[in-house]
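Understanding the architecture of this molecule
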Amino acid sequence: MENLIDLISDSIKEWLHIYKYEVSTKLIKITLLLIFCSGVIPLGVKIIRNILLWIETRRAQVDLFPLIEKIVVKEARQNYILTKFQNISPGDEHEPSYAYASTAKENMMSFFLKRAFIDDSEAHRYYLLLADSGMGKSTFLINLFIRYQRRFFKKYKILLVPLGNPQADNEWQKIDSNQQKNTLLFLDAFDEDPKAGLDYEERLQDILRQTRGFRAIVLTSRTQFFPSEKEEPHRTGVYRYSLNHDTSHYFKKMYLSPFDDKDVKMYLRKKYPSWNIFNWIKRRQAKKLVKLSPNLIVRPMLLILIQINNVVFFKYGKQVSEMTLPSSANSPSTIT
């Protein structure tokens, strides 16, 4: 290595001398070392980070299988962008991206890891995560599961159950009542629960009765599953001791925020990293597609489709835009 640096520095010094520039060999060597370190160290950090990411993903695949397929865990981890939430439904806006104009948003991962799951009080035990299709509800729960498992000192265990599974009840019934108070229960996709499709109010009360012993419940659902915002679950009906007259737990409703411009750019940087020169054109093409349909791409599921049908989208960009965008300027976009 030292001989290589000497050889390069001597060659550079000779080249500079031709153009009548005199620079010390020591300065050239220091510059070469800085250039080398600036490239090698970030590469080493990236390799270590990717190894740790692979280990975490593999461990989660084992822990969540067979309730969640391994490929689903892998896809949820790939190019994940931190989820944000807001207290006002993005559905109140004509287009999802408009929700960013006046709505306060918060990092959902930080909320649960740094506040909700370390709070020993009984005040907040029930969380309802609502969003349209393709907004990343399941992806968030999988990443939250993995991020919490990363901790060296974990206060609670986690059970993640997809409610679309007809045998979902059996999964939480396996947990001993003494262990439930030390377990966080993640219930994904209430709208896919077969019993909820028949009578969602009765099914929800049945679930809450069965799971009232768990430390905290995080429930996800499509916003459109409920007839109206007023009919979205609010009171749980689960008793809690209180000095005032209100003795029931309530859901903390959290609406997943659509992607903003920064989220979209960050996703494209992750998908098409700059260190690979072959990605430069792809990223530029992806940005063009985003400009074609800005109010559709704020949905993570549609943004991911860029990587799947990249060539088709850009070859027939105009036709794709016509198919995915509403035919009338006054009609809202609907994605199921």
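Everything here concerns the structure above.
This text gives an overview of the structure that appears in the document.

Parameters and conventions
- Residues numbered from 1 in each chain as written.
- Predicted model: local features only at pLDDT ≥ 70, side-chain atom pairs only at ≥ 80, totals over all residues.
- Heavy atoms only, no water.
- Core = buried A, V, L, I, M, F, W, Y, C linked by side-chain atoms within 4.5 Å.
- Buried < 20%, exposed > 50% of the residue type's maximum accessible area, 1.4 Å probe, protein only.
- Helix = DSSP H or I, 4+ residues; strand = E, 2+ residues; numbered from the N terminus.
- Contact = heavy atoms within 4.5 Å.
- Polar contact = N/O pair within 3.5 Å; in protein donor to acceptor, adjacent residues only side chain to side chain.
- Patch = residues over 30% accessible without salt bridge, like charges linked within 9 Å, V, L, I, M, F, W, Y side chains within 5 Å.
- Areas by Shrake-Rupley, 256 points an atom, 1.4 Å probe, with all protein chains shown as cover.
- Salt bridge = Lys/Arg side-chain N within 4 Å of Asp/Glu carboxyl O.
- Lys, Arg positive; Asp, Glu negative; His and termini not counted.
- Charge placed at Lys NZ, Arg CZ, Asp CG, Glu CD.
- Expected span 1.5 Å × (residues − 1).
- Axes fitted to C-alpha atoms, helices over the stretch in contact; angles between N-to-C directions.
- Parallel < 35°, antiparallel > 145°, perpendicular 65-115°, else oblique.
- Left-handed = near helix turned anticlockwise from the far one by under 90°.
- Nonpolar A, V, L, I, M, F, W, Y, C, P; charged D, E, K, R; others polar.

Counting 34 residues, the largest nonpolar core has Phe-112, Phe-117, Leu-129, Phe-140 and Phe-186 as the members making the most contacts within it. Counting residues per element, this core draws most heavily on helix H5 (residues 137-149), at seven residues. Once residues lying within four places of it in the same chain are set aside, the contact partners of Phe-140 are Tyr-80, Thr-83, Met-108, Met-109, Phe-112 and Leu-129. If you look at the next biggest cluster of nonpolar residues, it comprises 25 residues, including Ala-168, Leu-208, Ile-217 and Phe-225.

Attention now moves to the environment of Asp-120. Its place among the elements puts Asp-120 in the loop between helix H4 (108-116) and strand E3 (126-131). For the pair Asp-120 and Arg-215, spaced 95 residues apart in sequence, the C-alpha to C-alpha distance is 9.6 Å. Among all residues touching Asp-120, those that are not within four sequence positions of it are Lys-155, Tyr-156 and Arg-215.

Take the environment of Gln-61 next. Residue placement: Gln-61 occurs in helix H2 (residues 25-64). Through-space distance from the C-alpha of Gln-61 to that of Ile-142 is 9.9 Å; in sequence the pair is 81 residues apart. Apart from residues no more than four positions distant in its own chain, Gln-61 is found in contact with Lys-70, Val-73 and Lys-74. A polar atom in the side chain of Gln-61 sits 2.9 Å from the backbone oxygen of Lys-70.

This part covers a negative patch on the surface. A cluster of acidic residues, Asp-199, Glu-201, Glu-202 and Glu-231, forms a negative patch on the protein surface. Looking at the element boundaries, Glu-201 is found in helix H9 (residues 200-210).

What follows deals with a positive patch on the surface. A cluster of basic side chains, namely Lys-265, Arg-269, Lys-287 and Lys-291, defines a positive patch on the protein surface. Mapped by element, the contributors of at least two residues to the positive patch are helix H10 (261-271) and helix H11 (279-292). Inspection of the secondary structure puts Lys-287 in helix H11. For Lys-287, a relative accessible area of 42% gives the class partly exposed.

Next up on the list: H5. Over its 13 residues, H5 runs 19 Å from end to end, which matches the ideal 18 Å to within 8%, given 1.5 Å per residue. Of all the 13 residues making up H5, 10 are buried; the element is thus mostly covered by neighbouring parts of the structure. Within H5, burial applies to Lys-137, Phe-140, Leu-141, Ile-142, Asn-143, Leu-144, Phe-145, Ile-146, Tyr-148 and Gln-149.

Turning our attention to a nonpolar patch on the surface. On the surface, Ile-47, Ile-48, Ile-51, Leu-52, Trp-54 and Ile-55 cluster together into a nonpolar patch covering about 630 Å² of accessible area. Summarising the element assignment, Ile-55 is placed in helix H2.

Interhelical geometry of H4 versus H5 gives an angle of 40° and a closest axis separation of 11 Å. Put simply, H4 runs oblique to H5. Once H4 is placed against H5, the crossing between them reads as right-handed. Contacts between H4 and H5 involve Met-108, Met-109, Phe-112 and Leu-113 from the first element and Phe-140, Asn-143, Leu-144, Arg-147 and Tyr-148 from the second. Its residues assigned to classes, the contact of H4 with H5 comprises seven nonpolar, one polar and one charged.

This part takes up the pattern of salt bridges. Counted according to the given criterion, the structure contains 11 salt bridges. Of the charged contacts in the structure, one is a salt bridge between Arg-150 and Glu-56, with a shortest N-O distance of 2.5 Å. In this pair, Arg-150 sits in the loop between H5 and strand E4 (157-162) while Glu-56 sits in helix H2, placing the two residues 94 residues apart along the sequence. Between Arg-203 and Asp-193 there is a salt bridge; the shortest N-O distance is 2.8 Å. With Arg-203 in helix H9 and Asp-193 in the loop between strand E5 (183-188) and helix H8 (194-198), the pair connects residues that are 10 residues apart, well separated along the chain. A single burial state applies to Arg-203 and to Asp-193, both of which are buried. A network of salt bridges, in which partner residues are shared, links Asp-169, Asp-193, Arg-203, Asp-206 and Arg-209.

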